[in-house]
Amino acid sequence: MISLLAFGSYIYQSASAIVLIFAVSHILAPAQYTSFSLALAASQLFCVFVFEWLQLAGVRFLAAASGEEVARLRFSLFTAGLLSALVLVVVGSVAGLVGTLETSVVTLAVAMAVLQGATDLYFMIVRVSDRLGTASALLILRASVLLAGAVAGALLHGTAAATLFGIAAGYGAVLLMSLVVHRTSLQRASRHAMLTDWGNFCRYGIMAAAASVIHLSVPVTLRLIVIATLGRASTGAAGFSMAIDLLQRPFSVLVTAIHTVSYPNVVVQFERGVDGEARRVTARMLEFILCATIVMLGGLIGLLPDAAHLFVPADLLADFLSAAPAAAIFYFLHTHLLATLAVVPHLTKSAIRLVVVAACQLLLVSAASSIGALFHISVAASAALATALIILFASGPLIRFQAAPRALLIVEATVAAAAIAMLAAARSDSLLWLAGKIAFAGLAVVLVTWRGDLLASARSSN
């Protein structure tokens with residue numbers, strides 16, 4: 001039941017993020033929305049740049065720790081987190097001096113990154129403390145508060161800065177509430193022990209986080225290429241930015257939910273050295289991720305046109321619909337390169353390989369997208385093709401690990417996704433017809449879940 005709550009919390013978080021984007025895009029002018037979108041993406045990139053190494057190291061080391069070691073590792077993580085926040089403030093200040101965004105927007109983006117990193121780190125510690133239910137409830141609370149803060153800021157002042165301030169205030173409020181709801185035990189570490197922990201975190205965490213930063217800079221690069229080509233004030237740039245903002249959320253949030261429930265047990269089984277069991281739990285996690293994202297891709301392609309006609313502002317609709325299908329395919333591939341194919345290198349702590357793969361993706365996507373923009377070819381489609389080529393290059397460790405998902409289940413998920421995607425050809429002339437299409441998609445999801453016994457796999461992995 002707690003696993004279902006965890007999945008529900010991430011689905012709610014994804015839905016709230018989508019509602020936030022729709023709501024803000026209706027309130028802000030196109031130029032303000034483009035600034036908001038760029039600042040939001042930069043904030044997330046800053047957050048990953050400075051805090052991701054602690055997230056990755058925390059899950060990797062805390063999941064397998066026990067006794068007093070857990071409290072000591074938490075103390076080392078918190079102290080490292082404080083230093084990381086100081087580094088982020090310095091980096092953000094430099095970025096504000098050389099960037100083109102307003103100083104207030106950059107300042108708020110840095111504040112958001114610090115507060116998001118702090119809350120994510122605390123939620124991770126709550127989760128690996130075997131408090132999955134508490135962590136899930138906190139995620140739901142945070143998503144609700146961020147949505148309310150963003151909409152309130154946009155409505156009151158109608159600027160990107162006000163909207164970002166609402167989000168930053170929401171992060172701060174939730175962090176304070178989280179500290180009250182769940183108090184975690186700490187054990188002050190000696191200077192030598194803390195430096196030893198930091199060394200262990202750095203050897204794995206910094207390189208793995210560098211790979212994540214490079215991967216997450218790819219969507220930012222796509223935005224910059226489109227903005228440079230079309231201009232920040234154009235509806236084309238705003239429509240593309242909206243497609244990128246919306247379509248990254250479902251895939252990343254879904255995969256994060258599955259990782260949150262299943263990955264700690266994968267780490268434990270791998271550390272125990274029982275190869276057969278480690279391969280089994282890894283394969284179950286991977287087939288859950290593959291089936292869920294394949295069906296989600298079909299759902300986005302099939303239902304997004306109807307949702308766009310209902311919620312996307314009229315002046316952005318054509319540009320949004322033009323960019324959305326290719327953007328969905330890009331994010332499907334991007335998510336698997338970032339999360340699925342990286343599982344085995346993370347387990348073996350082969351962080352250098354992660355960096356090489358990420359750098360190759362950034363270089364190839366940048367080149368392909370620039371060429372696509374030059375010749376008026378879809379930037380998102382060019383990025384998707386480049387990412388697919390990198391996936392072929394990066395598949396070796398996963399193939400050698402032999403944690404193979406069930407092929408028949410993947411085929412069934414693909415067939416279900418194709419059936420849902422074909423719904424795009426049938427325009428919904430009424431809400432009743434749209435409800436029928438959603439019911440059909442829901443039935444396909446239930447069938448795939450039942451055939452693969454995916455929820456049972458998730459519960460057994462927890």
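What counts as what
- Each chain carries its own residue numbering, running from 1 in the direction its sequence is written.
- Selection of residues for local features in this predicted model requires a pLDDT of at least 70, selection of side-chain atom pairs for listing and counting requires 80 or more, and totals for whole chains, interfaces and linings are taken over all residues.
- Note: side-chain values were computed over all heavy atoms of the structure, leaving out hydrogens and water.
- The helix count covers DSSP runs of H or I at least four residues long, the strand count covers runs of E at least two residues long, and both are numbered beginning at the N terminus.
- Radius of gyration here uses only the C-alpha atoms, and the compact-globule reference equals 2.2 Å multiplied by the residue count raised to the power 0.38.
- Only protein chains enter the accessibility calculation, which uses a 1.4 Å probe; a residue whose area is less than 20% of its type maximum is buried, one above 50% is exposed, and one in between is partly exposed.
- Pairs of residues are marked as contacts when any of their non-hydrogen atoms sit within 4.5 Å.
- Positive charge is attributed to Lys and Arg, negative charge to Asp and Glu, and no charge count is given to His or to the chain ends.
- The atoms used to mark charge sites are NZ of Lys, CZ of Arg, CG of Asp and CD of Glu.
- With a 1 Å grid spanning the protein atoms alone, the term cavity applies to any set of points in which a 1.4 Å probe fits but cannot get out, the term pocket to an open set with protein on both sides within 12 Å along at least five of seven lines, and the term lining residue to any residue with an atom within 4 Å of a point.
- Grid points are joined across faces, edges and corners, and a volume is the space filled by probe spheres set on the points.
- Only Asp, Glu, Lys and Arg are considered charged in this grouping, and only Ala, Val, Leu, Ile, Met, Phe, Trp, Tyr, Cys and Pro are considered nonpolar; every other residue, Gly among them, is considered polar.
- Residues with no salt bridge and a relative accessible area higher than 30% make up the patches, which join like charges within 9 Å and nonpolar side chains (Val, Leu, Ile, Met, Phe, Trp, Tyr) within 5 Å.
- The accessible surface values rely on the Shrake-Rupley method and a 1.4 Å probe; as for residues, cover is taken only from the protein chains in view.
- Any carboxyl oxygen of Asp or Glu that lies within 4 Å of a side-chain nitrogen of Lys or Arg is treated as forming a salt bridge with it.
- Ring geometry is summarised as follows: Phe, Tyr and Trp rings, the Trp one being its six-membered ring, pair when their centres sit within 6.5 Å, and such pairs are stacked at plane angles under 30 degrees, edge-to-face over 60 and tilted between the two.
- Placement of a positive charge over a ring is assigned whenever Lys NZ or Arg CZ falls within 6 Å of the ring centre and within 35 degrees of the normal to the ring plane.
- The bend reported for a residue corresponds to the angle between axes fitted to the seven residues ending at that residue and the seven starting there.
- Axes here refer to lines fitted to C-alpha atoms; in helices the fit is confined to the stretch in contact. Angles between the N-to-C directions go from 0 to 180 degrees.
- Any angle that is under 35 degrees is reported as roughly parallel, and any over 145 degrees as roughly antiparallel; angles of 65 to 115 degrees are reported as roughly perpendicular and all others as oblique.
- With the far helix as reference, a near helix turned anticlockwise by less than a right angle produces a left-handed crossing, and one turned clockwise produces a right-handed crossing.
- Put simply, a nonpolar core is a bunch of buried Ala, Val, Leu, Ile, Met, Phe, Trp, Tyr and Cys residues held in one set by side-chain atoms that sit within 4.5 Å of each other.
- Confidence scores labelled pLDDT are given residue by residue by the predictor and lie between 0 and 100.

### Structural notes on the overall build of the protein chain
Per the secondary structure count, the protein chain includes 17 helices and 0 strands. For the protein chain, the C-alpha radius of gyration of 21 Å lies close to 23 Å, the compact-globule estimate for 462 residues. Considering the protein chain as a whole, with its 462 residues, one finds that 56% of them fall into the buried category. In the protein chain, the share of contacts with a sequence separation of at least 24, taken over all contacts with a separation of at least 6, comes to 85%. One finds the centroid of the 25 positive side-chain charges in the protein chain at a distance of 6 Å from the centroid of its 18 negative side-chain charges.

### With respect to the layout of surface pockets
Of the volumes computed, that of the largest pocket is approximately 1,200 Å³. Surrounding the largest pocket, 35 residues form its lining, I11, P250, M296, G299 and L300 being those nearest its centre. Broken down by secondary-structure element, the contributors of at least two residues to the lining of the largest pocket are α1 (2-27), α8 (235-272), α9 (275-311), α16 (431-452) and α17 (454-461). Looking at the lining of the largest pocket, the element that brings in the most residues is α9, giving 13 residues. Taken together, the residues that form the lining of the largest pocket break down as 29 nonpolar, 5 polar and 1 charged.

### Some points on a nonpolar patch on the surface
Side chains of M207, I352, V356 and F393 sit close together on the surface and give an oily, nonpolar patch of about 370 Å² of accessible area. Position of V356 relative to the elements: it lies in helix α12 (residues 351-374). Accessibility expressed as a relative area gives 41% for V356, which makes it partly exposed.

### Description of the packing of aromatic side chains
With the rule as written, the count across this model stands at 5 aromatic pairs. Judged by centre distance (6.5 Å) and plane angle (45°), the rings of F270 and F401 are tilted. Of this pair, F270 sits in helix α8 while F401 sits in helix α14 (residues 396-401), and the two are 131 residues apart along the sequence. R279 extends its terminal NZ or CZ atom over the ring of F401, reaching a point 5.7 Å from the ring centre.

### Considering helix α7 (residues 191-230)
A maximum bend of about 40° is found in α7 at C202. Count one or two residues on from α7 and you reach G231, which has phi positive near 95°.

### Details of the side chain of T119
Along the polypeptide, T119 turns up in helix α4 (residues 103-128). Residue T119 is classed as buried on the basis of its relative accessible area of 0%.

### Things to note about the packing of α12 against helix α13 (residues 379-394)
Here α12 crosses α13 at 150°, and the two axes come no closer than 8 Å. When the interaxial angle is binned, α12 and α13 end up roughly antiparallel. The handedness of the crossing between α12 and α13 comes out as right-handed. Packed against α12, whose contacting residues are R353, V357, C360, Q361, L364, V365, A368, S369, G372 and A373, the element α13 presents V379, S382, A383, A386, T387, L389, I390, F393 and A394 at the interface. Partitioning the contact of α12 with α13 into residue classes produces 13 nonpolar, 5 polar and 1 charged.

### Some thoughts on the pattern of salt bridges
Think of it this way: side chains of opposite charge can pair up when their charged atoms draw near. Following the criterion strictly, the structure yields 4 salt bridges and no others. A salt bridge links D120 to R142; the nearest nitrogen and oxygen atoms lie 2.7 Å apart. Of this pair, D120 sits in helix α4 while R142 sits in helix α5 (residues 132-157), placing them 22 residues apart in sequence. The partner of R284 in a salt bridge is E287, with the nearest N and O atoms 2.7 Å apart. Remark: E287 and R284 occur in helix α9; sequence separation between them is 3 residues, near one turn of the helix. The class of R284 is buried, set by a relative accessible area of 19%. One network of salt bridges, in which partners are shared, links R284, E287 and R406.

### Comments concerning the nonpolar core
Ranked by size, the top nonpolar core spans 138 residues in total, and within it F36, F201, M242 and F320 carry the most contacts. The biggest single contributor to this core is α8, with 18 residues. Formed by 9 residues, the second largest nonpolar core is a distinct cluster that contains F46, F51, A85 and V110.

### Here we look at the confidence of the model for the protein chain
Here the protein chain averages 83 in pLDDT, and 92% of its residues register 70 or above. No element of the protein chain has a lower mean pLDDT than α17, which averages 55, and none a higher one than α13, which averages 93.

### Re the packing of α5 against helix α6 (residues 160-181)
At a closest axis distance of 7 Å, the pairing of α5 and α6 adopts a crossing angle of 150°. Relative to α6, the element α5 is oriented roughly antiparallel. α6 is crossed by α5, and the crossing has right-handed handedness. Residues T134, L138, L141, R142, V145, L146, G149, A150, G153, A154 and H157 of α5 lie in contact with α6, whose contacting residues are A162, T163, G166, I167, G170, Y171, V174, M177, S178 and V181.

### Looking at unusual backbone geometry
Positioned with a positive phi, H376 is a non-glycine residue whose angle comes to about 60°. Here H376 lies in the loop between α12 and α13. Positive phi, normally seen in glycine, also occurs at Q402, with a value near 65°. You can see Q402 is positioned in the loop between α14 and α15 (407-421).

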